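# Report on the structure
One letter stands for each residue in the lines below.
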Amino acid sequence: MNLRELVEAWRKIILLATKPSREDYMTSLKLSLLGLALVGGISFVIRILFYTFLFPPPAG
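This text gives an overview of the structure that appears in the document. Keep in mind that this is a model prediction, so the values were computed, not measured. Numbers given for residues are sequential positions, taken from 1 along each chain in its written order. The predicted origin of the model limits local features to residues at a pLDDT of at least 70 and limits the giving and counting of side-chain atom pairs to 80 or more, whereas totals for whole chains, interfaces and linings rest on all residues. Note that the side-chain values use all heavy atoms of the structure and ignore hydrogens as well as water.

## So, helix α1 (residues 3-16)
The α-helix advances 3.6 residues per turn, and as a result positions three or four apart in sequence lie on the same side. For α1, spanning 14 residues, the distance from its first C-alpha to its last is 20 Å, which sits close to the expected 20 Å at 1.5 Å a residue. Two N or O atoms form a polar contact when they lie within 3.5 Å of each other; inside protein one atom must be a possible hydrogen donor and the other a possible acceptor, and for residues adjacent in sequence the pair counts only when both atoms belong to side chains. Helix and strand definitions here come from DSSP, where helices need a minimum of 4 consecutive H or I residues and strands a minimum of 2 consecutive E residues; each element is numbered from the N-terminal end. Capping of α1 at its N-terminal end is provided by N2; its side-chain oxygen lies 3.3 Å from the backbone amide nitrogen of R4. What a helix is expected to span follows from its residue count: subtract one and scale by 1.5 Å.

## Looking at the packing of aromatic side chains
Only rings of Phe, Tyr and Trp enter the pairing, Trp through its six-membered ring, and a pair is recorded when the two centres are within 6.5 Å. The plane angle decides the type: under 30 degrees is stacked, over 60 is edge-to-face, the rest tilted. The tally for this structure, following the rule as stated, stands at two aromatic pairs. Where F50 meets Y51, the ring centres are 5.5 Å apart and the plane angle is 80 degrees; that geometry is what we call edge-to-face. The buried label applies to any residue whose accessible area, calculated with a 1.4 Å probe on protein chains only, is under 20% of its type's maximum; exposed applies above 50%, and partly exposed to all values in between. According to the relative accessible area criterion, Y51 is partly exposed, its value standing at 42%. Pairing F50 with F55 gives two aromatic rings, centres 5.4 Å apart and planes at 65 degrees, and the pair type is edge-to-face. Judged by relative accessible area, F55 falls into the exposed class, the value being 54%. Aromatic ring contacts, followed pair by pair, group F50, Y51 and F55 into a single cluster.

## Here we look at a nonpolar patch on the surface
The grouping of F44, V45, I48, L49, F50, Y51, F53, L54 and F55 at the surface amounts to a nonpolar patch, some 970 Å² of accessible area in total. Along the chain, L54 falls in the segment after α2 (22-53). The patch calculation keeps residues exceeding 30% relative accessible area without a salt bridge and links them within 9 Å when they carry like charges or within 5 Å when they are nonpolar (Val, Leu, Ile, Met, Phe, Trp, Tyr). A 1.4 Å probe and the Shrake-Rupley method give the accessible areas. Residues count as covered only by the protein chains that appear here. The salt bridge criterion pairs a side-chain nitrogen of Lys or Arg with a carboxyl oxygen of Asp or Glu, the two atoms within 4 Å.

Take a look at the structure:
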């Protein structure tokens with residue numbers, strides 16, 4: 001693929017691209033935030049389990 005074909009392909013993509021509606025944008029935002037919260041929650045639980053069972057605080 002030479003430079004001319006690459007630029008032509010990019011031009012076609014830009015001409016076909018449209019701005020998402022507010023509803024589509026909000027749905028994408030909610031799904032992204034849900035995924036972020038889910039991964040963060042799993043990470044938090046793993047960290048708590050790690051520090052509880054592998055490195056418990058010294059008994060005093």
